[in-house]
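Take a look at the letters that make up each chain.
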Amino acid sequence: MHFALVYGGMSALALVTFAWRLWRATRDPRNPALWAVAFAVIFVAIGFEAAVPRIYIEIATLTGVANLASLVVYGSIASALLAQTMWTTFMVVPGGDHAVLRRGSLYTGALAAGTLIVMTCLFVAAPVHDAVHAIDFDFSYATVPLADAFLGVYLLVYSAALIHIIRLCRAWIPQITDQRWLRRGLRLLGVGAVIALGYSVGKTIAIVGAWCGANMYQLNVTVAPEFASLGSAVMLLGYLTPSVVPALLGTVSRARAHRQLRPLWTALRDIAPEMVADSAHRSRHRNRLYRRVIEIRDWLLRLRPYLPRDTDGVAARLADILEVPPAHRDAAIEAARIAVALRARRDNRPAPQPDNFREPDQPTLAGELAWLAAVAQAYVSSPLVPAVLAETDHAVQ
Amino acid sequence: MRVATWTDTESGRLVMDRRRLRRELRALELPARFTVPQLGEALARRRGRPLRLRPEGLPVDGLSGGLLVTESADIVAYQRNTTRVHQDHIICHEFGHLLAGHRTVDVRGLEAARLLAPHIDPAVIQRMLGRTCYAEHEESEAEHIAGMLMEHHITHWTPREEWIMPATASPELHRLLDTFGPGES
């Protein structure tokens, strides 16, 4: 039951990760590294699924080969790690040199094929076909030389690939400063690889111990595989984190900003409702928030002829009187200017000397969003807006 | 002098989607993310003509941007009196027409050219294409493409700063972000 839960859970996590990574690969199909990552993850899923005791036994029953699932498990995990080596090759080749990349890919592909062929030959030759050992294959045949050779090849590839990724992650992480989720993802990948190395250490000690006559059942059957499972889980999270977490956080913050902009967007819409993208196209926009920013800027541009130049001074004076907090002052003044311009437009009173609406401090979309959200909030809640409207209304009359 | 607008010859057809846009950008040999000037240079290479970006104080109730075709160069005029994000969007709208391969119809009118490009000699303008509202199919499609370009490809304006690697970072780190980040989505 324990192994079914652990290996089944790992397989499910790997399948979810694979689905996400496959989707990423299809979005940028010419990036071979994306496909290599997806392959690495699907091999992990196959490996853990075949290790689930019920599946292990079913494979034996269906094929008539008692422990064929062991070859599937180890072959899949070795393939996963070699696919991992493949994507790292795409990262490190200087300038993405195509000839070097092709050589590196061929080398890694040949290594993978060679490893699988050698492992298959050793598995076939080894006397390990007498009974099904769903959870204790390594323990049961620990003193069979050909079985140990089979495990030795596997452990060699497994450990070398993990050490390779640990070294790369150690080199990459200090270079990444602003992309905190990429850094965290690589850290998870590196830490997961270190944990997974515990499997190699445990298995090696267990096999050597078996030859020395020690009973290493717990280490061989329970402890070492736990390291592999935990390490793989952490590595899979490393594959997910850099893309999934920022996307989720971005979705939440965009939904919040979308709500914040609504009062300002609604107030301005009457200026030129035809400039709202029609619903068919709006639904295709992956980021409606962006459209909302552009629509607000389109409308503010049309409102500009109605913005009197002296409103700024009136609003600043009233902001002092009302003691508008400094953090909200600029946004409140801009909201008041928009309110005054909207009223002037309704009354058909263009300004003799129109002013410009303010630019955000940061000339980026994030800066624009933050600024417009602050103005939108001030538009509905700042006491400065009705105060400036009253003062300027009095001046007009 | 001739002035041109985009024609709506295939009313009812689907607008350009992300897949087709990516194909167009790949054909222009652009990376997944780029800047507005880089896109302008790529379009100029394809058209075999220089393409210049020119801020103008355009009337706010008219065109906010447009493409002027002269004998020697294409000029994208865009509204000077707005924010940079908005300006880039206006430019991308014009690029959207070019990417979608919209055909143009000549429209004669000295006044129209003066509205869009008061500082450009009307005598040199052969055709002109402008952004005002997007009720027409072609305008709507160009606006849609501008949105996709800005949201997913124009590096400097991407809303997800987490996914921007500084230009000074090593190619290795750029590839890492391309592989592990969420890509253009």
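Residues numbered from 1 in each chain as written. Chains lettered and ligands numbered in written order. Predicted model: local features only at pLDDT ≥ 70, side-chain atom pairs only at ≥ 80, totals over all residues.

Caption draft 1: Layout of the overall build of chain A. Counting secondary structure elements, chain A contains 15 helices and 0 strands. Within chain A, the fraction of its 397 residues that count as buried is 45%. Pairs at least 24 residues apart make up 77% of the contacts formed inside chain A by residues separated by at least 6 positions. (Helix = DSSP H or I, 4+ residues; strand = E, 2+ residues; numbered from the N terminus. Buried ≥ 20, exposed ≤ 12 C-beta atoms within 10 Å, placed from the backbone. Contact = placed C-beta atoms within 7 Å.)

Caption draft 2: Seen up close, the nonpolar core. Ranked by internal contacts, the top residues of the largest apolar core, which has 87 residues, are Ala36, Ala40, Val41 and Val44 of chain A. Here this core gets 17 residues from one element, more than from any other, and that element is helix H2 (residues 32–51) of chain A. Apart from residues lying up to four places away in sequence, Ala40 of chain A is in contact with Ala80, Ala83, Gln84 and Trp87 of chain A. Core analysis: the second largest hydrophobic core is formed by 69 residues, Leu301 and Val340 of chain A together with Leu21 and Val76 of chain B among them. (Core = buried A, V, L, I, M, F, W, Y, C linked by C-beta atoms within 7 Å.)

Caption draft 3: Inspection of helix H2 (residues 36–47) of chain B at higher detail. Residue and element names in this part refer to chain B. If you check H2, its first and last C-alpha atoms are 16 Å apart, about what 12 residues at 1.5 Å a residue would give, namely 16 Å. Buried residues of H2: Val36, Leu39, Gly40 and Ala42, and no others. Looking down the long axis of H2, one finds its buried residues gathered within 165° of arc, a one-sided arrangement. Away from its buried face by more than 90 degrees, H2 exposes Pro37 and Arg45. Close packing links the buried residues of H2 with strand E2 (51–56) and helix H3 (84–100). With its phi angle positive at about 70°, Gly48 sits one or two positions after the end of H2. (Expected span 1.5 Å × (residues − 1). Arc of directions from axis to C-beta.)

Caption draft 4: The environment of Leu58 of chain B, seen in detail. All names here are of chain B. Mapped onto the elements, Leu58 comes out in the loop between E2 and strand E3 (65–70). Its 25 C-beta neighbours within 10 Å are what place Leu58 among the buried residues. For the pair Leu58 and Tyr78, spaced 20 residues apart in the sequence, the C-alpha separation amounts to 7.6 Å.

Caption draft 5: Expanded view of the pairing of E3 of chain B. Residue and element names in this part refer to chain B. Pairing between E3 and strand E4 (residues 74–79): 5 bridges, direction antiparallel. By the bridge assignment for E4, Leu67 is matched with Val76. With antiparallel pairing between neighbouring strands as the criterion, E3 and E4 make up a hairpin whose turn holds 3 residues. (Pairing = 2+ DSSP bridges.)

Caption draft 6: Quick peek at the packing of helix H5 (residues 98–125) of chain A against helix H7 (residues 145–172) of chain A. All names here are of chain A. Where H5 meets H7, the closest approach of the two axes is 8 Å, and the angle between their N-to-C directions is 160°. In this view, H5 runs roughly antiparallel relative to H7, as classed from their interaxial angle. As for how H5 packs across H7, the hand of that crossing is left-handed. Contacts from Thr115, Val118, Met119, Leu122, Phe123 and Ala125 of H5 reach H7 at Leu146, Ala149, Phe150, Val153, Tyr154 and Val157. (Axes fitted to C-alpha atoms, helices over the stretch in contact; angles between N-to-C directions. Parallel < 35°, antiparallel > 145°, perpendicular 65-115°, else oblique. Left-handed = near helix turned anticlockwise from the far one by under 90°.)

Caption draft 7: Examining the confidence of the model for chain A more closely. Mean pLDDT for chain A: 88, with 95% of residues reaching 70 or above. Of all the helices and strands in chain A, helix H10 (residues 279–284) of chain A carries the lowest mean pLDDT, 50, while helix H13 (residues 326–346) of chain A carries the highest, 95. (pLDDT = per-residue confidence, 0-100.)

Caption draft 8: Broad picture of the packing of helix H1 (residues 2–27) of chain A against helix H9 (residues 217–269) of chain A. Residue and element names in this part refer to chain A. Two numbers describe how H1 lies on H9: the axes approach to 10 Å, and their chain directions differ by 25°. Classified by the interaxial angle, the pair formed by H1 and H9 is roughly parallel. Pair H1 / H9 crosses with left-handed handedness. Contact residues: H1 offers Val6, Met10, Leu13, Ala14, Thr17, Trp20, Arg21 and Arg24, while H9 offers Ser229, Ser232, Ala233, Leu236, Tyr239, Leu240, Ser243 and Val244. Taken together, the residues that form the contact of H1 with H9 break down as 10 nonpolar, 4 polar and 2 charged. (Nonpolar A, V, L, I, M, F, W, Y, C, P; charged D, E, K, R; others polar.)

Caption draft 9: Highlighting the confidence of the model for chain B. Residue and element names in this part refer to chain B. Residues with a pLDDT of 70 or more make up 65% of chain B, whose mean pLDDT is 75. No element of chain B has a lower mean pLDDT than strand E1 (residues 3–6), which averages 41, and none a higher one than H2, which averages 93. The model gives residues 1–11 a pLDDT under 50, and that stretch makes 44 contacts with residues more than four places away or in other chains.

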